[in-house]
Amino acid sequence: MDNTGISQVAEKPLITCTKCNLHQTRIKMVNGEGNILSPVFLIGEAPGQNEDIAGLPFQGQAGSILNKLLSQTSLNRSDFYIDNIVKCRPILIRNNKKENRQPTAEEIELCRDNIEQTIATGKPKAIVAMGNVALKYLLDDRSKSITKMRGQFIWSDKYQCYVYPVFHPAAILRQFEYYNVTANDFARLKQFIDNNYALPKPATTVYTLVDTPELLNQRFYHMFKYKLERNYRICNTISME
Ligand code: URA
């Protein structure tokens, strides 16, 4: 609370929704987390299994990668508003088991009002689009690709702010080479914030990967570490070259 008596933290009111079929298979609807008045939003695709259980975005391994990217860059998760384009877990059933899948165009469309109202209320200075689904949605262009667009601040007339695409944390789990590039993209995001939301100069900072056994579960950690040892210098602290 500041001296005007206005709360500095504006939590978005929790809503429930039954517009699309995902409400029939969800455990919890995953509303956004954090201060809706935060100058920077982090927007992903849709909840997965862990988020469906917790009712919060970016838990589990994708959440751990996101947390690591933020903490490595001295950014606090609590300083951001974190949300997804689609609020309920899209699933497919394979071998009698629920698996995550991408949301369909119809599910995205039916969820549209929620994210649009959130952005209109929060009026962020930048929206970090994590992955292809968020990028295509926010730029309203299905031809855009995260591989080509990542790391660029793109002005959006519609939202009156920058859209800043980065690789999705879950993509890093599948393709470890994306970690360093994404760590650099988060370093640029930090420069943008430190510059009072003015565009940073081209990045010169290169973060090397940190060895983080606590980050990933054993299976992923061993896979990750094996690949890292072959390809990257592993260090215990973040170093800047
Ligand atoms: N992937 C997403 O896109 N969002 C989440 O909240 C978790 C995983």
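Residues numbered from 1 in each chain as written. Predicted model: local features only at pLDDT ≥ 70, side-chain atom pairs only at ≥ 80, totals over all residues. Heavy atoms only, no water.

Q: Mind laying out the overall build of the protein chain, listing which residues take part and the relevant values?
A: Scanning the protein chain from terminus to terminus reveals nine helices and seven strands. Sequence separation of 24 or more characterises 68% of the internal contacts of the protein chain that already satisfy a separation of 6 or more. Split by element, the accessible area of the protein chain, about 12500 Å² in all, is 50% carbon and sulfur. (Helix = DSSP H or I, 4+ residues; strand = E, 2+ residues; numbered from the N terminus. Contact = heavy atoms within 4.5 Å. Areas by Shrake-Rupley, 256 points an atom, 1.4 Å probe, with all protein chains shown as cover.)

Q: Provide a residue-level description of the pairing of strand β7 (residues 161-166), including the pertinent values.
A: For β7, the buried fraction is high: six of the six residues fall into the buried class. Of the pairings in the sheet, the one linking strand β5 (residues 126-130) to β7 comprises five bridges and is parallel in character. When the bridges of β7 are listed, Met130 appears paired with Val166. Summarising the sheet, strand β6 (residues 154-156) and β7 pair through three bridges and their orientation is antiparallel. Counterpart to Ser156 in the pairing with β7 is Cys161. Hairpin connection, β6 to β7: the antiparallel pair is bridged by four residues, and Gln160 has positive phi, about 55°. (Buried < 20%, exposed > 50% of the residue type's maximum accessible area, 1.4 Å probe, protein only. Pairing = 2+ DSSP bridges.)

Q: Account for the side chain of Thr182, naming residues and giving values.
A: Structurally, Thr182 is set in helix α8 (residues 178-194). With sequence-adjacent residues up to four places away left out, Thr182 is seen in contact with Leu69, Val166, Phe167 and Ile172.

Q: How would you summarise the packing of helix α4 (residues 105-122) against helix α5 (residues 132-139) if you had to cite specific residues and measurements?
A: The relative placement of two packed helices comes down to the angle between their axes together with the axis-to-axis distance. Packing of α4 against α5 brings their axes to within 12 Å, and their N-to-C directions diverge by 70°. Judged by the angle between their axes, α4 and α5 are roughly perpendicular. Between α4 and α5, the residues in contact are Ile108, Arg112, Ile115, Glu116 and Ile119 and Val133, Tyr137 and Leu138, respectively. The residue inventory of the contact of α4 with α5, partitioned by class, reads six nonpolar, no polar and two charged. (Axes fitted to C-alpha atoms, helices over the stretch in contact; angles between N-to-C directions. Parallel < 35°, antiparallel > 145°, perpendicular 65-115°, else oblique. Nonpolar A, V, L, I, M, F, W, Y, C, P; charged D, E, K, R; others polar.)

Q: An account of the site of the ligand is needed here, citing residue identities and associated values.
A: All residues in the neighbourhood of the ligand are listed as Gly44, Glu45, Ala46, Glu51, Pro57, Phe58, Asn84 and His168. For the ligand, an oxygen atom lies 2.9 Å from a polar atom in the backbone of Phe58. For the ligand, an oxygen atom lies 2.7 Å from a polar atom in the side chain of His168. Taken by itself the ligand offers 230 Å² of open surface, and the protein chains cover 92% of this. (Near = heavy atom within 4 Å. Polar contact = N/O pair within 3.5 Å; in protein donor to acceptor, adjacent residues only side chain to side chain.)

Q: Mind laying out the sheet that holds strand β2 (residues 81-84), listing which residues take part and the relevant values?
A: What the five strands build is an open sheet, ordered β2-β1-β5-β7-β6; its pairing is mixed. The open sheet terminates on both sides in strands that have one partner only, identified here as β2 and β6. Sheet twist, expressed as the mean angle between neighbouring strand axes with direction ignored, is 30°. On the sheet, α5 packs against β1 (40-44), β5, β6 and β7 and is oriented at approximately 135° with respect to β5.

Q: Kindly report on the state of the cysteines, identifying the contributing residues and their values.
A: Throughout the structure, instances matching the rule amount to zero disulfides. Cysteine Cys88 shares no disulfide, and the gap to the nearest cysteine sulfur, in Cys20, comes to 6.2 Å. Assessed through its relative accessible area of 8%, Cys88 is described here as buried. Cys111 takes part in no disulfide bond, and the closest cysteine sulfur, belonging to Cys17, lies 6.0 Å away. (Disulfide = S-S within 2.5 Å.)

Q: Break down the confidence of the model for the protein chain for me, citing the residues and quoting the values.
A: Taken over all residues, the pLDDT of the protein chain has a mean of 85, while the share at 70 or more is 78%. This model gives residues 1-8 a pLDDT under 50, and the stretch forms four contacts once residues within four places in sequence are excluded. Throughout residues 230-241 the model reports pLDDT below 50, and contacts reaching past four residues in sequence, or to other chains, amount to 28 contacts. (pLDDT = per-residue confidence, 0-100.)

Q: Can you explain the side chain of Arg26? Please cite residues and give values.
A: Among the secondary structure elements, Arg26 is positioned in the loop between α1 (22-25) and β1. Buried within the structure, Arg26 lacks any salt-bridge partner; its nearest side chain of opposite charge belongs to Asp52, at an N-O separation of 6.8 Å. Within the structure, the side chain of Arg26 is placed 2.8 Å from the backbone oxygen of Cys17, a separation counted as a polar contact. (Lys, Arg positive; Asp, Glu negative; His and termini not counted. Salt bridge = Lys/Arg side-chain N within 4 Å of Asp/Glu carboxyl O.)

Q: Mind laying out the packing of helix α3 (residues 60-72) against α8, listing which residues take part and the relevant values?
A: Remark: α3 packs on α8, axes separated minimally by 9 Å, with the N-to-C direction vectors making an angle of 50°. Taken as axis vectors, α3 and α8 run oblique relative to one another. When the axes of α3 and α8 are compared, the crossing they make is right-handed. Contacts between α3 and α8 pair Leu66, Lys68, Leu69, Leu70 and Gln72 from the former with Tyr179, Thr182, Ala183 and Phe186 from the latter. When grouped by side-chain class, the residues that make up the contact of α3 with α8 number six nonpolar, two polar and one charged. (Left-handed = near helix turned anticlockwise from the far one by under 90°.)

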